[in-house]
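Summary of the model geometry
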Amino acid sequence: MATVLLMRHGRTTANASGGLAGRQPVELDDTGRSQAERAGQRLRALPLTKVVTSPLIRCRQTLELALPEAKPIEDDGLIECGYGEWEGRPLAELAKDPLWPVVQQHPSAVTFPDGEAMAAMSARAVAAMRRWDAAVTAEHGPEALWLACSHGDVIKAIVADAMGLHLDEFQRIVADPASISVIRYTPTRPFLVRLNDTSDLTSLIPAAPASSDAPVGGGGGGDTA
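Rules used in this analysis
In every chain, residue numbers begin from 1 and rise along the written sequence. Totals for whole chains, interfaces and linings use all residues, but because this is a predicted model, local features are given only for residues with pLDDT of at least 70 and pairs of side-chain atoms are given and counted only at 80 or more. Based on all heavy atoms of the structure, the side-chain values leave hydrogens and waters out of the count. With axes taken as lines fitted to C-alpha atoms, and helix axes fitted only over the stretch in contact, angles between N-to-C directions fall between 0 and 180 degrees. In this description a helix means any DSSP run of H or I spanning at least four residues, a strand means any run of E spanning at least two, and both kinds are numbered starting from the N terminus. Any angle that falls under 35 degrees is termed roughly parallel, while one over 145 is termed roughly antiparallel, one within 65 to 115 roughly perpendicular, and all others oblique. Throughout, a crossing is termed right-handed when the near helix is turned clockwise from the far one, and left-handed when it is turned anticlockwise from it by less than a right angle. Two residues form a contact once any of their heavy atoms are found within 4.5 Å. In this classification, Asp, Glu, Lys and Arg are treated as charged, Ala, Val, Leu, Ile, Met, Phe, Trp, Tyr, Cys and Pro as nonpolar, and every other residue, Gly included, as polar. A pair of strands is treated as paired once DSSP finds two or more bridges between them. In this analysis, the expected span of each helix is defined as 1.5 Å times one less than the number of residues it contains. Burial classes: relative accessible area under 20% of the type maximum marks a residue as buried, over 50% as exposed, and values in between as partly exposed (1.4 Å probe, protein chains only). Under the rule applied, a polar contact is a pair of N or O atoms within 3.5 Å (in protein, one hydrogen donor and one hydrogen acceptor; residues adjacent in sequence only if both atoms are side-chain atoms).

Moving on, we come to the packing of helix α2 (residues 30-43) against helix α3 (residues 57-66). Look at α2 against α3: their axes get within 7 Å of each other, and the N-to-C directions meet at 50 degrees. It follows that α2 is oblique to α3 by the angle criterion. The hand of the α2/α3 crossing is right-handed. Where α2 approaches α3, its residues Arg-33, Ala-36, Glu-37 and Gly-40 are matched on the opposing element by Gln-61, Thr-62, Leu-65 and Ala-66. A class-by-class count of the residues in the contact of α2 with α3 yields 3 nonpolar, 3 polar and 2 charged.

What follows is the structure, given as structure tokens:
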């Protein structure tokens, strides 16, 4: 199957001020723009076959700066969790809400007031990832690389699923702004290749196919590792 790079958007004005942006149209701040540009320097060498994104402006801005030649496809499956009445409020204020410790310790039980259940967010995000991965693999082959740009909680939920973790463990995962996590889905199970990464990505470039007259398996014998 193909390999997906999960990229979080760069830092926003809400991240900087300590607010919960939710689905509000908050934009990148200067730090977030710099983060997106640096991420683009790391991504530029990769032969990305498709770019998919949350429709929110902070993700679209991130991709415009990181991959200006790309033509991202928007998918509501990757949109931020619907925080309902929590949206736009300061995190310091929300931390005093009785629901806060449940969000931190038992998120699979949480439905935000007038908002989305975290379990529903996880299910639709994972479904979107698997649907796109299957489509990319069918169109471009099992060595293809593709990228999805989304949000912190969404990425953490996707990573938790890839690691076989219950959603209640997803708060242990970190996805910093403009970081990249890499997942390779297979017919039997996913593999987490990188997590919250900000380093060089060129090792992800698929190797060139061996020529038809090259010896198969190299020169030595032995069991397959």
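What follows picks up the thread again.
On the basis of which strands lie adjacent, the open sheet formed by 6 strands has the order β3-β2-β4-β1-β5-β6 and mixed pairing. What marks the edges here is a single partner per strand, and that holds for β3 (73-74) and β6 (191-197). Across 2 bridges, strand β2 (residues 48-53) lies against β3 in parallel orientation. Residue pairing across strands places Thr-53 opposite Glu-74, the latter belonging to β3. Against the sheet, α3 touches β1 (3-8), β2, β3 and β4 (145-150), its axis set at about 135 degrees to β4. Helix α7 (residues 152-162) rests against β1, β4, β5 (180-184) and β6 of the sheet, and its axis sits at about 150 degrees to β1.

With 23 residues, helix α6 (residues 118-140) extends 32 Å between its outermost C-alpha atoms, agreeing within 8% with the 33 Å of an ideal straight helix rising 1.5 Å per residue. Here the buried face of α6 lies against β1, β2, β3, α5 (100-105), β4 and α7. Downstream of α6 by one or two residues, Gly-141 has phi in the positive range, about 95 degrees.

Let's shift gears to the side chain of Ser-54. The topology assignment puts Ser-54 in the loop between β2 and α3. Residue class for Ser-54 comes out buried when judged on its relative accessible area of 0%. Among the polar contacts listed, one links the side chain of Ser-54 to the backbone nitrogen of Leu-56, at a separation of 3.3 Å. Once residues within four sequence positions are removed from consideration, Ser-54 is found in contact with Cys-59, Arg-60, Asp-75, Leu-78, Ile-79, Glu-80, Cys-149, Ser-150 and His-151.

Further remarks concern α7. Counting buried positions over the 11 residues of α7 gives 10, a clear majority of the element. Buried positions along α7 lie against β1, α6, β4, β5 and β6. Of the residues one or two after α7, Gly-164 is the one with positive phi, at around 75 degrees.

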